[in-house]
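Next come the chains, spelled out residue by residue.
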Amino acid sequence: MSQIAKQWRSLDELVADAATIERLSDEFPDLAEALASPQNRRRVIRMLIASTAAASLSGCGDEGTRLVPAVRAPENIVPGLPNFFSGAHLLNGYATGVIVAHRMGRPIRVDGNPLHPASLGAVDVFAQAELMEFYDPQRDWAIRKRGEPASEGELQQALALERDEIVSSRGRGLRILTGSTTSPTFVAQIDALLKAYPEARWIQWEPFSRVNVAKGAQLAYGQAVESIPNLEAAEVILALDSDLLNGAPGSLSLARRFAARRNPTRTARMNRLYAIETIPTLTGAMADHRFVAGPQELNRLVTTLAAALLADEPIVAPQWLDAVAADLRSHKGRALIHVGPEQPPETHALVHAMNEALGARNNTFYLIAPVLRDAGDAHALSDLAEEMRKGDVRALLILDANPVFAAPGAVGFAEAMARVPFTFALSRSPNKTTDAALFAAPLLHPWESWSDARAFDGTATIVQPQALPLYGGYDAHQALALLTQAQPPTTLDMVKAVWASLRRNDAKDAWNAALAKGIIEGSAAKRSNATLRPQARTLSPPDVPSGTLTLLFRPDPYVWDGRYAANPWLRELPRPLTRITWDNPLLIAPKTARRLELENGDIARVTVGAFQATAPIWIVPGQAQNCVVASLGLGENQEIGGYDYYPLMGRNTELKVEKTGKRVDIASVERHQLMFDMAGHFVRTGALEEFLNNKDFLTEQAAPGAEQNLYRREPEGPAAWAMSIDLNACIGCNACVVACQAENNIPVVGKDQVLRQRELHWLRIDRYYEGDADQPNAYFQPVLCMHCEAAPCETVCPVGATVHDSEGLNVMVYNRCIGTRFCANNCPYKVRRFNYFAYAREERRSPLARNPEVTVRARGVMEKCTFCLQRIAAERIDADRENRPVGEVTTACQAACPTQAFTFGNLNENGSAVGERKQSPLSYALLASQNTRPRVSYEARIVNRNQEIGKTR
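Residues numbered from 1 in each chain as written. Predicted model: local features only at pLDDT ≥ 70, side-chain atom pairs only at ≥ 80, totals over all residues. Heavy atoms only, no water.

Another point: the overall build of the protein chain. On a plain count of helices and strands, the protein chain comes out with 33 helices and 37 strands. Taken across its 953 residues, the protein chain has 60% of its residues classed as buried. Of the roughly 38200 Å² of accessible surface on the protein chain, a fraction of 49% belongs to carbon and sulfur atoms. (Helix = DSSP H or I, 4+ residues; strand = E, 2+ residues; numbered from the N terminus. Buried < 20%, exposed > 50% of the residue type's maximum accessible area, 1.4 Å probe, protein only. Areas by Shrake-Rupley, 256 points an atom, 1.4 Å probe, with all protein chains shown as cover.)

Our next topic: the sheet that holds strand 8 (residues 201-204). Strands in a sheet are paired, the pairing made by backbone hydrogen bonds, and the direction either parallel or antiparallel. What the 7 strands build is an open sheet, ordered 6-5-17-16-15-7-8; its pairing is mixed. In the strand order of this sheet, the two ends are held by strand 6 (148-149) and strand 8, each with one partner. Strand direction decides the pairing type here: strand 7 (residues 174-178) and strand 15 (residues 395-399), joined by 5 bridges, are parallel. Of the residues in strand 15, the one forming a bridge with isoleucine 176 is leucine 397. Together, strand 5 (144-145), strand 7, strand 15, strand 16 (422-427) and strand 17 (439-442) form the strand contacts of helix 7 (residues 152-169), whose direction differs from that of strand 16 by roughly 125 degrees. (Pairing = 2+ DSSP bridges. Contact = heavy atoms within 4.5 Å. Axes fitted to C-alpha atoms, helices over the stretch in contact; angles between N-to-C directions.)

This brings us to helix 15 (residues 380-390). Listing the buried residues of helix 15 in full gives Ala380, Leu381, Leu384, Ala385, Glu387 and Met388. Projected down its long axis, helix 15 carries its buried residues within an arc of 160 degrees, all on one side. In the stretch just after helix 15, glycine 391 is the one whose phi turns positive, near 85 degrees. (Arc of directions from axis to C-beta.)

This part covers the sheet that holds strand 11 (residues 272-277). The strand order across the open sheet formed by 4 strands is 12-11-10-13, and the pairing between neighbours is parallel. Here the strands that pair on one side only, and so sit at the sheet edges, are strand 12 (289-292) and strand 13 (335-339). Strand-to-strand twist in this sheet, taken as the mean axis angle between neighbours without regard to direction, amounts to 10 degrees. Bridging between strand 10 (residues 236-240) and strand 11 involves 5 bridges; their strand directions are parallel. Bridge pairing links isoleucine 237 to leucine 273 in strand 11.

Between side chains of opposite charge, a pair can form as their charged atoms come close. Per the stated rule, a full pass over the model turns up 43 salt bridges. Salt-bridge contacts for glutamate 356 lead to arginine 361; the nearest nitrogen and oxygen are separated by 2.8 Å. With relative accessibility at 18%, the residue arginine 361 sits in the buried group. Three or more residues are tied together by salt bridges with common partners; here these are Arg109, Asp111, Glu743 and Arg871. (Salt bridge = Lys/Arg side-chain N within 4 Å of Asp/Glu carboxyl O.)

Before going further, it helps to spend a moment on the confidence of the model for the protein chain. Looking at the protein chain, the pLDDT average stands at 86 and 88% of residues meet or exceed 70. Confidence drops under a pLDDT of 50 for residues 46-66, and excluding neighbours within four residues, the segment shows 47 contacts in the predicted structure. Across residues 703-707, where pLDDT falls below 50, the model places 7 contacts with residues more than four positions away in sequence or in other chains. (pLDDT = per-residue confidence, 0-100.)

A few words on the packing of aromatic side chains. For the coordinates displayed, the defined rule picks out 16 aromatic pairs. Judged by centre distance (5.0 Å) and plane angle (75 degrees), the ring pair of phenylalanine 405 and tyrosine 646 falls under edge-to-face. Of the two residues, phenylalanine 405 is situated in helix 16 (residues 403-406) and tyrosine 646 in the loop between strand 24 (627-632) and strand 25 (655-663); the sequence distance between them amounts to 241 residues. Accessibility expressed as a relative area gives 1% for tyrosine 646, which makes it buried. Each member of the aromatic cluster is reached from another via a ring pair, and the members are Phe126, Phe208, Trp560 and Tyr564. The ring of tryptophan 511 carries lysine 496 above its face, with NZ or CZ at 5.1 Å from the centroid. A cation over an aromatic ring shows up here: arginine 527 above the ring of tyrosine 366, its NZ or CZ 4.1 Å from the ring centre. (Phe/Tyr/Trp six-rings, centres within 6.5 Å; stacked < 30°, edge-to-face > 60°. Lys NZ or Arg CZ within 6 Å of the ring centre and 35° of its normal.)

Attention now goes to the environment of alanine 233. Mapped onto the elements of the fold, alanine 233 is located in the loop between strand 9 (226-229) and strand 10. The exposure class of alanine 233 is partly exposed, given its relative accessible area of 26%. Apart from residues no more than four positions distant in its own chain, alanine 233 is found in contact with Arg261, Arg334, Asn363 and Thr364.

This next bit is on the nonpolar core. Core analysis: the largest hydrophobic core is formed by 187 residues, its most contacted members being Leu396, Phe413 and Phe867. Each residue touching phenylalanine 413, except ones within four places of it in the same chain, is listed here: Leu177, Leu381, Leu384, Ala385, Met388, Leu396, Ile398, Pro403, Val404 and Ala407. (Core = buried A, V, L, I, M, F, W, Y, C linked by side-chain atoms within 4.5 Å.)

Time to look at the environment of threonine 581. Mapped onto the elements, threonine 581 comes out in the loop between helix 22 (568-572) and strand 21 (586-588). Setting aside residues no more than four positions away along its own chain, threonine 581 makes contact with Arg571, Glu572, Leu573, Pro574, Arg575, Ala667, Val669 and Val754.

Glancing now at the environment of glutamine 128. For glutamine 128, the position within the fold is in helix 6 (residues 125-134). Overall, the relative accessible area of 3% leaves glutamine 128 in the buried class. Considering only alpha carbons, one finds glutamine 128 and glycine 112, 16 residues apart in sequence, at a separation of 9.3 Å. In this structure glutamine 128 touches Val110, Val123, Trp569, Ala735, Val738, Ala739 and Ala896, once residues within four positions along its chain are discounted.

Below, the discussion takes up the side chain of glutamate 448. Position of glutamate 448 among the secondary structure elements: in the loop between strand 17 and strand 18 (451-454). A polar contact of 2.7 Å, which involves the side chain of glutamate 448, links it to the side chain of arginine 139. Residues in contact with glutamate 448, not counting those within four places in the same chain, are Phe134, Arg139, Pro465, Ala467, Leu468, Pro469 and Leu470. (Polar contact = N/O pair within 3.5 Å; in protein donor to acceptor, adjacent residues only side chain to side chain.)

Okay, helix 10 (residues 251-259) next. The buried count for helix 10 comes to 8 of 9 residues, which makes it a mostly enclosed element. Taken residue by residue, helix 10 has Ser251, Leu252, Ser253, Leu254, Ala255, Arg256, Phe258 and Ala259 as its buried positions. Contacts from the buried residues of helix 10 go to strand 3 (94-103), strand 9, strand 10, strand 11 and helix 11 (282-286).

Bringing unusual backbone geometry into the picture now. Here the residue pair alanine 317 and proline 318 is connected by a cis peptide bond, since its omega of -5 degrees sits within 30 degrees of zero. With respect to the helices and strands, proline 318 occurs in the loop between helix 12 (295-311) and helix 13 (319-330). In the Ramachandran plot, aspartate 400 falls in the positive-phi region, its phi being about 55 degrees despite a non-glycine side chain. As for its placement among the helices and strands, aspartate 400 is situated in the loop between strand 15 and helix 16. Taking relative accessible area as the criterion, aspartate 400 reaches 46% and is therefore assigned partly exposed.

Below, the discussion takes up the pairing of strand 28 (residues 764-770). Every other side chain in a regular strand lies on the same face of the sheet, so the side chains alternate between the two faces. Here strand 28 lies mainly inside the structure; 7 of its 7 residues are buried. Taking every second residue as pointing to the same face, both faces of strand 28 are buried, with Arg764, Asp766, Tyr768 and Glu770 on one and Ile765, Arg767 and Tyr769 on the other. Where strand 28 meets strand 29 (residues 777-783), 7 bridges bridge the pair, whose relative direction is antiparallel. Bridge assignment links glutamate 770 to a residue of strand 29, and that residue is asparagine 777. Between strand 28 and strand 29, which pair antiparallel and follow one another directly, the connecting turn spans 6 residues, one of which, glycine 771, has a positive phi of 100 degrees.

Another aspect to go through is the packing of helix 20 (residues 491-502) against helix 21 (residues 510-517). Following both chains from N to C, one finds helix 20 and helix 21 inclined at 100 degrees, their axes separated by 12 Å at the closest point. Classified by the interaxial angle, the pair formed by helix 20 and helix 21 is roughly perpendicular. Seen from helix 20, the contacting residues are Leu492, Val495, Lys496 and Trp499; seen from helix 21, they are Ala510, Trp511 and Ala514. (Parallel < 35°, antiparallel > 145°, perpendicular 65-115°, else oblique.)

Take a look at the structure:
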């Protein structure tokens, strides 16, 4: 049996590790003597922690707004019971199908649409956070002219003058700036406008566009195509700087299909994932082998791999790349290489050529006509700014874009925009662009208007309104139509006209069927028969200067490009790998921090050319040396907080990072709710060959101390609720955490309270590392209330507030709780949360957005996971009414999870899924030595390593 590696959550733990100290003693002979005294030991450990970077040891709202139930309720609406309506969530133009739950006419929850190809029933954090966006009291609500309130009449009068000019000049000087869109209706409107007014121009722009992806496909095939991965058929996957499980279009679907082949007890052939990346990603954390490569080295590795796969040239170094190439070749027709959107077009074209050579076409990927038309030009925004400076733009319409804030600093969009006579910007919330525009108006929330959009595979969805507009405003279709028509048709009429051309079903109720299912059947894009161009095999990525610091820009995992910067759910959600909340410090590698003598929280001065900025830094294990990562999206104004790195973009000059001597506290939760285990081993892991040779290897790894009990308390009720969590499937995306927050009315507490370790999430995703800090293995573990049969929290509560019910649930009686917090002190899993203040009143969340099935807790009570007791109670009532046994219950975390890592159910039910999972040879209890007999168990993570590479990544 292989030796169990020590797991650590932060660099502090790694430094204090006994093995680390032993290694240091070899270099510093006096260290052992210094550690002999407890006082000296504490002082020395503190010094070691402080010098980790230098040493790099191992590498609320407006209560006047109300949603009023209909006086005449629609048919089949039962008061008090939820109703469900399909819709779609849009990010960078691509649609993900959702189901919005309503209570008496108000949306209260977002779930995934199981019929939608991009969702498959799952939902991501962005889609769930739209609930908070919809009820946001700080949404824009008024028309403004030069920043002052204006009437709709003033706007209509100005639009009438512009319409006359547009007609007389055939659109000369008219520019329309939007984000990426896949809406068939909007594209049809644009086509009609450009046909009637050919001198007008439409610019699609996103801070994080897929320009390189589109250009790479054009280089490879000579025409516009998109590549759709088929991970179900892939047995060997190579991700090149790609987060395909979390950041690619259709990532929910990709993650589901990837995870389906990760647990060796559920799949006949386990897939293998390699990752070569500069910045740690969720895909890299799930990889069987992860290799760190800086921007310069990554380009060299791509060209070397291409030479081996396309020209059979031998790979001399590194040896692991030769093993990767051999593995890809040996799985011809079952292998796939995927590259991230930040890589240059030449790299994308080379990857297309390699996939074709591996026989992946129509096996592990296929091509379709582009879903996102005119994916954009890298220079489109700068060209527009230059036109505005020259006076060539008379009218500019900006729809749901914020270029004044998010444009690269070198573009100078705000200064150029001031030279345009008529500017009209629409946005859901006031921002820098609406402030700079002549006219600004509210943009309706997607839940307030009709529209349509396509998924990553081309499947179209009709986006229906979920409620009447709360604050008024225009949708994108209306705003575009107003440029040329004084009395445009309704948005519903425009959508219906386009829908008629998309539908494949001529049945009388086809429209209602499309609304009910959330998809237009048969609307997926057809496969392309484009052929690879020979020259694609000879391309090579451009050279990247070596030996200097490189500044890389990435979207914040939960704020994205800034559109969710004011959403408190997403701001307080810990980032999966850094575990940071509320802030966006610069991310650097341990060795880079050592060279620059920087530590976590140190404020650094960043100089790019003549531009300077200051920001704190955070050390990230597993990040490539000689690169600094800026997470964009924050810092637009003081209220939002964070640091604005957009001004640093577009300045292709040498980067300098210097220490200022100042520090700031960063709200990170990686040291919060620490559990204690003698072995320091929380995530059980093993190699596939080890598992196949010895199914009982987990028993041998089990921590000593678990005792057999003479008596065992069995649940008295009709059900015995339990949960199993598959660590082979959990990718750490945090969708379950937001789902739990929305379902159970969990408030945010704010940055100051997080710094005091007072966050209230009932479910957390712990991240552990194994190995050294330069190239560690990362693991994720969801931790919630274990609902122990021998619960330590119950025996210490002086008022009996925490008790067991007849079905084995550990429940809280809030009216009894007096806030002693004894239960939290006695919980070995650290999953109980104390409500120190009246956070629910302080949170920027309308009471209308709360789940009416769950209480809103007051100050001074203990909170924790309840296994979604309200859902269990609803099923119990239905079972009693229908005179049947209690059936299936789906918890909020289980419903949201894209990889189906959670299995919940009744252990007393014969053949229940949770009962089967608990019989898996991979099943184990967390902290088994505590003898709490938890109802939550885990399935150990199995890694499918390549024996030619060995057991190091």
